[in-house]
Each structure stands twice: as C-alpha cells, then as structure tokens.
Amino acid sequence: YTRGTVTAFSPFDARADAETLRKAMKGMGTDEETVLKILTSRNNAQRQEIAAAFKTLFGRDLVDDLKSELTGKFETLMVSLMRPAYIFDAHALKHAIKGAGTNEKVLTEILASRTPAEVRNIKQVYLQEYEANLEDKITGETSGHFQRMLVVLLQANRDPDGGVDDGLVEQDAQVLFRAGELKWGTDEEKFITILGTRSISHLRRVFDKYMTISGFQIEETIDRETSGDLEKLLLAVVKCIRSVPAYFAETLYYSMKGAGTDDDTLIRVMVSRSEIDLLDIRQEFRKNFGKSLHHMIQKDTSGDYRKALLLLCGGDDE
C-alpha cells in the first residue's frame, strides 16, 4: 500500500530499458526526453535493475554516463532518482554535515519527518556505507538545544501509538505551558523531551489540550519562545506530528515561493516522497495553498528539469 505517484512499471524489461538509455546517450547529443521518461516512470527498485543491466550489457556505469551527458539541476534530479532508496537519506545527511558549514535545513527535514524505524535504518546504513557513527557526526557539527533535540530524535525511541491517557495529556500540556508562556525565559528541555519522546496520538491530544489551556497553538508559543535552528526544528517536529504530508506540502511550497527556487529541497522531497506519500502531499498542497503542486512546478521551473518534475508529480489538482 502506497500513496506514491511512482509505482512499479509493468511490463518491465530492464535490458530493453538499458538499451534504450544507451542509445539515448550515445554519440553526438543526448536525447534527454527519453532518459527522463524512463527514469521517472520506473520505481527505484526497477532503476537499480536497469543500472545492473546497463553494466552487464555495456560495461559502463549508468550514473557516470548520466553525469557526463547531463548538466545542472536536471542532472542532479536524474542522479538522485538513481540513488538506491535505502541509502537516500543517509547520503543526504552525509552531504549536509560535510565540509564547511552544516546544512541544518536538511538535518531538520529528515530527522523531524522520518519514523523511528526509518531513523534506525538510516543510522545503520550510515555506519555501513560511511564507516562512521551518524550521531557522533551530527553532535560534532551542531550545538546547544538544537543539538539536543536532534540527539533525542536520533534515539528513535518515540513511544509507540496506543491508548492515550487523558491524565498524562493534561499533565504534558500543563508542563509545556509552564515551560513556555508562563515562564520568564523558556525551559527548552521540557519541549525537547515531550516533543521528542511521546507518541504521535498522545501529542496530537496534547496540542489540543494546550490550545484549551493557553489560548495559543503550540506553534505560536514555539515561535515566540525559541529562535534560530531550534525553533525551526521544533516547528518541523510539531508539523510532522500533526501531518507529515502537510509538512512536506509546506516545505515544497516554500522551496518555490518568492524569488529563486531552493532546487535542492525541491529535488530531495520530490524524489524521496515519490513512492511514499506524494499523492497525499499534493492533496494537502491544494488544500492549504489554493493552487496545485503541478501548477507551481510548471510556473517555477523550466526545460527538461520541469518535464521530469511534472512527471514525478503525476496529475494536476487544479
């Protein structure tokens, strides 16, 4: 069961696809249209089979060929589609924490939105692929309460969903109220512990109770009481607890809104959610921003890059 826009293609023939791709990139000039049509209409597992067939038939590396034949954002998108699904997040995190400056936006987006099982998998893959401990890498590049919240999320020990205890809901809501609105200064630890460890269904109830007690949405309080990277991370966590598709709809909207496009975010979200919940993200996008994701991509991008993104997006919800 998936709410993705990209599903397994049938009837699938990895060798035929490999041959078509080789022909599209051989000799003078590249037939980009053929490349993008094949790669956006096969799921990730099938793309890996195509890459294997490509190597078997031609002794060439498909990703290397894509890199040498394509350029710019279109190249980045095609290469991202070719990254094995299991390594996608680990790879994104590796690049977010390497070299000068850390990309906090990527750390926030991935660690706030992934399930505990997904986070455990990311840590394992990171260790296997990069022979390094993800938590050590992240703590080495971050600090303060932002770092602490990331560490809590990396533990992937959020309570499983089960029956919700009204008494505990009331208690957590009161604790958050006293830690934020009622206090001179903010007790960030309380926000970190409660938002990072309680179950999703419990927290949804806590947010409702919080509103009743304080007269504020929890987002408004976080906005007022915290700042910088910690604020962005806490808000992302709250939004993902309310609805992961709504969080990604907003992330996509702001990657394209205003001057310039944050193409890295646009590519990362479109590729990573294409087989999971992009249909739900489209629905939330339409509901919350009064226009379709398809329409916004159409308006904000161009060329083969746009063609490929629109195919990944699937239909238009205008």
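Shown above is the structure to which this text applies.
Note that the structure is predicted; figures quoted are calculated from it, not measured.

Quick notes on the rules
Residues numbered from 1 in each chain as written. Predicted model: local features only at pLDDT ≥ 70, side-chain atom pairs only at ≥ 80, totals over all residues. Heavy atoms only, no water. Helix = DSSP H or I, 4+ residues; strand = E, 2+ residues; numbered from the N terminus. Rg over C-alpha atoms; globule rule 2.2 N^0.38 Å. Contact = heavy atoms within 4.5 Å. Areas by Shrake-Rupley, 256 points an atom, 1.4 Å probe, with all protein chains shown as cover. Phe/Tyr/Trp six-rings, centres within 6.5 Å; stacked < 30°, edge-to-face > 60°. Buried < 20%, exposed > 50% of the residue type's maximum accessible area, 1.4 Å probe, protein only. Lys NZ or Arg CZ within 6 Å of the ring centre and 35° of its normal. Salt bridge = Lys/Arg side-chain N within 4 Å of Asp/Glu carboxyl O. Core = buried A, V, L, I, M, F, W, Y, C linked by side-chain atoms within 4.5 Å.

Caption draft 1: Seen up close, the overall build of the chain. A count of helical and extended segments in the chain gives 20 helices and zero strands. Whereas a compact globule of 318 residues would reach a radius of gyration of roughly 20 Å, the chain reaches 21 Å, a difference of no more than 12%. When the backbone C-alpha atoms are referred to their principal axes, the chain occupies close to 70 × 45 × 40 Å. In the chain, the share of contacts with a sequence separation of at least 24, taken over all contacts with a separation of at least 6, comes to 71%. Total accessible area on the chain is roughly 14900 Å²; 48% of this is exposed by carbon and sulfur atoms.

Caption draft 2: The arrangement of the packing of aromatic side chains in detail. On inspection of all chains with the given rule, the structure shows eight aromatic pairs. A centroid spacing of 5.0 Å and a plane angle of 65 degrees characterise the contact between Y126 and Y130, whose relative ring orientation is edge-to-face. Of this pair, Y126 and Y130 both sit in helix α8 (residues 116–130), separated by four residues, roughly a single helical turn. The buried category is assigned to Y126, whose relative accessible area is 1%. The lysine or arginine in question, R42, covers the ring of F9, its NZ or CZ lying 3.7 Å from the ring centre. The aromatic ring of F216 is capped on one face by R224, whose charged end is 4.3 Å from the ring centroid.

Caption draft 3: Representation of the pattern of salt bridges. Tallied over the entire structure, the rule returns 21 salt bridges. In this structure, K105 and D262 form a salt bridge, with 2.7 Å as the shortest nitrogen-oxygen distance. With K105 in helix α7 (residues 104–113) and D262 in the loop between α16 (244–256) and α17 (263–273), this pair connects stretches of sequence that are 157 residues apart. R273 is paired through a salt bridge with D277; the nearest N and O atoms lie 3.0 Å apart. Relative accessible area serves as the criterion here: at 5%, R273 is assigned to the buried category. In the salt-bridge network here, residues are joined through shared partners; they are E33, K37, D304 and K307.

Caption draft 4: Expanded view of the nonpolar core. Residues M78, L195 and M270 are the most contacted members of the largest nonpolar core, which totals 95 residues. For this core, the element with the most residues is helix α15 (residues 228–242), which contributes nine residues. With residues up to four places along the chain from it excluded, the contact list for L195 reads M149, R158, L203, F207, I222, L234, V237, V238 and I241.

By themselves, these observations are geometric and do not establish any function.
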